[in-house]
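Given next are the chains, with one letter for each unit.
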Amino acid sequence: MIKVSTSIPYGNACDVSIEECGNTATVYFAASPSDGPQCLWFCFRIETTRILKHIKLVLKHPYNMLMGSCELSNILPVIRKDGEQWHRIEKTYQFHTLPDGRYQISWILNNPGKINDIALCYPYGLPELESLLQTSKGYWKKDIIGVSTENRPIIRLANDYSSAGTKKPGIYIIARQHSGETPGSWVLDGLMRHLVTLETKDVIIWVIPLSNIDGIEKGRYGKDYFPFDLNRSWGKKVLRHENLVIQRDIARWMERCNPVLGLDFHAPGGAEGKGVYFFFMDKEKPVKIKNKEFLWINLIGKEVGNEYMLSGLKRNSKPEGDLKNMVGLMFTCYFDYVLKIPALCIEVPYGISNDKALEIKDYQEIGKRIAIAIIKGIKV
Ligand SMILES: [Zn+2]
């Protein structure tokens, strides 16, 4: 007997069906849009009562997912057998065309356990953040700065509150505006862990690690979410309560430091696999801000290195939102155009980076290298 459930943290799957045949089984599933227009994130549990040789996992409707028009074999889900550590599934990708032009993709889960958790990428939520805090020796201070639309606490971490007037350089970091984009969180995790080991005190860093906490807890992908994407809701008039909470926190941070940089961690289309890159919007951006951002891009890109970075480092895009009235902006545009502080959006792939299957330690290594670049950058 095989059972599929989404009643696990960050659970997301739908259109599930199961075929059993001898000592093998096939589990068909799709990613649920969960009230949003886009879907990508999936996370679910397969329980079996008997020992199976393998389970074939078939992802339905990939053509309806936000893949970034890239090579679908770059998707490499993660699995956790019987409560062990998460790891990447073996590279057993197959592509199946259906008669009407639709297609499915599949992987083989060899020697499954009795409980098999499957997800698009390594999950990251409150337990992972708590584990980071427990090893931070008090370096990161945790505060609840407000609540989400659905009344969940919004956590902000700070290495230093400083006091008004000291004017150390300051960096403000946010992740998970799109709640399913866990690769960004793992890079941020590595960044924050490395700052603990350095015991960095000459820069004030405030971090919102789980900004779209409602979407995270509910297993939503969270991109273009109805009625407003968190990352299209910044500005002089906020469109979501989370933005109000965080903008007021940014104002407190600005009073306490000399603001030098905002960082916003994301993950790109699900099948993008050519490395980490900066999603850069340069239309009518003040030249002074743009030049400072180029310096940061080059510094971070050089430190992170070719194995993890997209060749060319960045992809250009037009800013979204109403730049005239400063409404409906992205986080980086809010920094650039309203606050006049350089800011970068960093996209971290879900599965593969330049032919390398990314493990948690890779994400943390990227974060460590970004931390090193930041420390170098504030000294320049
Ligand atoms: Zn995103």
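Notes on the structure follow. Given the structure is predicted, the values throughout are model-derived calculations rather than measurements. (Residues numbered from 1 in each chain as written. Predicted model: local features only at pLDDT ≥ 70, side-chain atom pairs only at ≥ 80, totals over all residues. Heavy atoms only, no water.)

Notes on the overall build of the chain
Each helix and strand counted, the chain has seven helices and 20 strands in total. In summary, the chain has a C-alpha radius of gyration of 21 Å against a globular reference of 21 Å for 380 residues, a match within 12%. Dimensions along the principal axes, computed over C-alpha positions, put the chain at roughly 70 × 45 × 40 Å. Considering only contacts within the chain whose residues lie at least 6 apart along the sequence, 77% involve residues at least 24 apart. Accessible surface, the chain as shown: approximately 15,400 Å² in total, 52% of it carbon and sulfur. Averaging the locations of the 50 positively and 42 negatively charged side chains of the chain gives two centres separated by 4 Å. (Helix = DSSP H or I, 4+ residues; strand = E, 2+ residues; numbered from the N terminus. Rg over C-alpha atoms; globule rule 2.2 N^0.38 Å. Contact = heavy atoms within 4.5 Å. Areas by Shrake-Rupley, 256 points an atom, 1.4 Å probe, with all protein chains shown as cover. Lys, Arg positive; Asp, Glu negative; His and termini not counted. Charge placed at Lys NZ, Arg CZ, Asp CG, Glu CD.)

A closer look at the coordination of the zinc ion
Here the zinc ion is held by the protein donor atoms H178 (ND1), E181 (OE), E181 (OE) and H266 (ND1), which lie 2.0 to 2.5 Å from it. Every donor counted, the four donor atoms about the zinc ion form angles of 55 to 146° at the centre, which fits irregular coordination. (Donors = N, O, S within 2.8 Å, 3.2 Å for Na, K, Ca; no water. Tetrahedral: all angles 85-135°; square planar, octahedral: opposite > 155°, others 65-115°.)

Description of empty space enclosed by the protein
Within the structure shown, the criterion is met by one cavity of 30 Å³ or more. Together, Y10, W41, R176, S179, G180, T182, G215, I216, G219 and R220 line the largest cavity. In terms of residue class, the lining of the largest cavity is built from three nonpolar, five polar and two charged. (1 Å grid on protein atoms, 1.4 Å probe; cavity = no way out; pocket = protein on both sides within 12 Å on 5 of 7 lines; lining within 4 Å. Points joined across faces, edges and corners; volume = space filled by probe spheres on them. Nonpolar A, V, L, I, M, F, W, Y, C, P; charged D, E, K, R; others polar.)

Quick look at the packing of aromatic side chains
As enumerated under the stated definition, the model contains 15 aromatic pairs in all. Arranged with centres 6.5 Å apart and planes meeting at 45°, the rings of F42 and F44 form a pair that is tilted. The exposure class assigned to F44 is buried, which follows from its relative accessible area of 0%. Over the ring of W206 we find R156, and its NZ or CZ is 4.1 Å from the ring centre. Geometry around Y277 places R315 over its ring, the cationic atom sitting 4.4 Å from the centre. (Phe/Tyr/Trp six-rings, centres within 6.5 Å; stacked < 30°, edge-to-face > 60°. Buried < 20%, exposed > 50% of the residue type's maximum accessible area, 1.4 Å probe, protein only. Lys NZ or Arg CZ within 6 Å of the ring centre and 35° of its normal.)

Quick notes on the side chain of H266
One can find H266 in strand β15 (residues 257–266). Look at H266 and you get buried, because its relative accessible area is 2%. In terms of polar contacts, H266 uses its side chain to reach the side chain of D264, at 2.7 Å. Discounting residues that sit within four places of it in the chain, H266 has contacts with Q177, H178, E181, G184, N231, C345, I346, E347 and V348. (Polar contact = N/O pair within 3.5 Å; in protein donor to acceptor, adjacent residues only side chain to side chain.)

Side note on the pairing of strand β3 (residues 24–30)
Of all seven residues that make up β3, seven are buried, and the element is covered over most of its length. Burial of β3 is two-sided: the residues T24, T26, Y28 and A30 facing one way and the residues A25, V27 and F29 facing the other way are all buried. Bridge count for strand β2 (residues 14–21) against β3 is six bridges, and the pairing is antiparallel. Counted as the bridge partner of C21 is T24 from β3. Hairpin connection of β2 to β3: two residues between the antiparallel strands, including G22 at a positive phi of 60°. Across six bridges, β3 lies against strand β5 (residues 54–59) in parallel orientation. When the bridges of β5 are listed, F29 appears paired with L59. (Pairing = 2+ DSSP bridges.)

A short note on the layout of surface pockets
By volume, the largest pocket amounts to about 330 Å³. If you trace the largest pocket, you find it lined by P169, P259, V260, K292, L295, W296, N298, L299, P342, G377, I378 and V380. Secondary-structure elements contributing two or more residues to the lining of the largest pocket are β15, α5 (287–304) and α7 (360–379). Top element by residues in the lining of the largest pocket is α5. It accounts for five residues. Looking at the lining of the largest pocket residue by residue, the classes come out as nine nonpolar, two polar and one charged. Empty space within the second largest pocket amounts to approximately 250 Å³. Residue lining of the second largest pocket: 19 residues in total, with K223, A267, P268, F279 and E347 positioned closest to the centre. Sorting the residues of the lining of the second largest pocket by element identifies β16 (276–281) and β18 (343–347) as the ones contributing at least two each.

Examining the sheet that holds β3
The strand order across the open sheet built from five strands is β2-β3-β5-β9-β8, with neighbouring strands paired in mixed fashion. Only two strands of the sheet have a single neighbouring strand rather than two, namely β2 and β8 (94–97). On average, each strand axis in the sheet is tilted by 20° relative to the strand beside it, whichever way the strands run. (Axes fitted to C-alpha atoms, helices over the stretch in contact; angles between N-to-C directions.)

Some thoughts on the pattern of salt bridges
If you walk through the whole model with that rule in mind, you get 26 salt bridges. For E130, the salt bridge is made with K142, and the minimal N-O distance between the two is 2.8 Å. With E130 in helix α1 (residues 126–134) and K142 in strand β11 (residues 141–147), this pair connects stretches of sequence that are twelve residues apart. Take K142: its relative accessible area is 40%, and that puts it in the partly exposed class. Between R232 and E320 there is a salt bridge, with the nearest N and O atoms lying 2.8 Å from each other. In this pair, R232 sits in the loop between α3 (213–217) and α4 (241–255) while E320 sits in the loop between β17 (309–317) and α6 (331–339), placing the two residues 88 residues apart along the sequence. The exposure class assigned to R232 is buried, which follows from its relative accessible area of 13%. Assessed through its relative accessible area of 39%, E320 is described here as partly exposed. Shared partners join several salt bridges into a network, and the residues in it are E150, R152, D214, K218 and R220. (Salt bridge = Lys/Arg side-chain N within 4 Å of Asp/Glu carboxyl O.)

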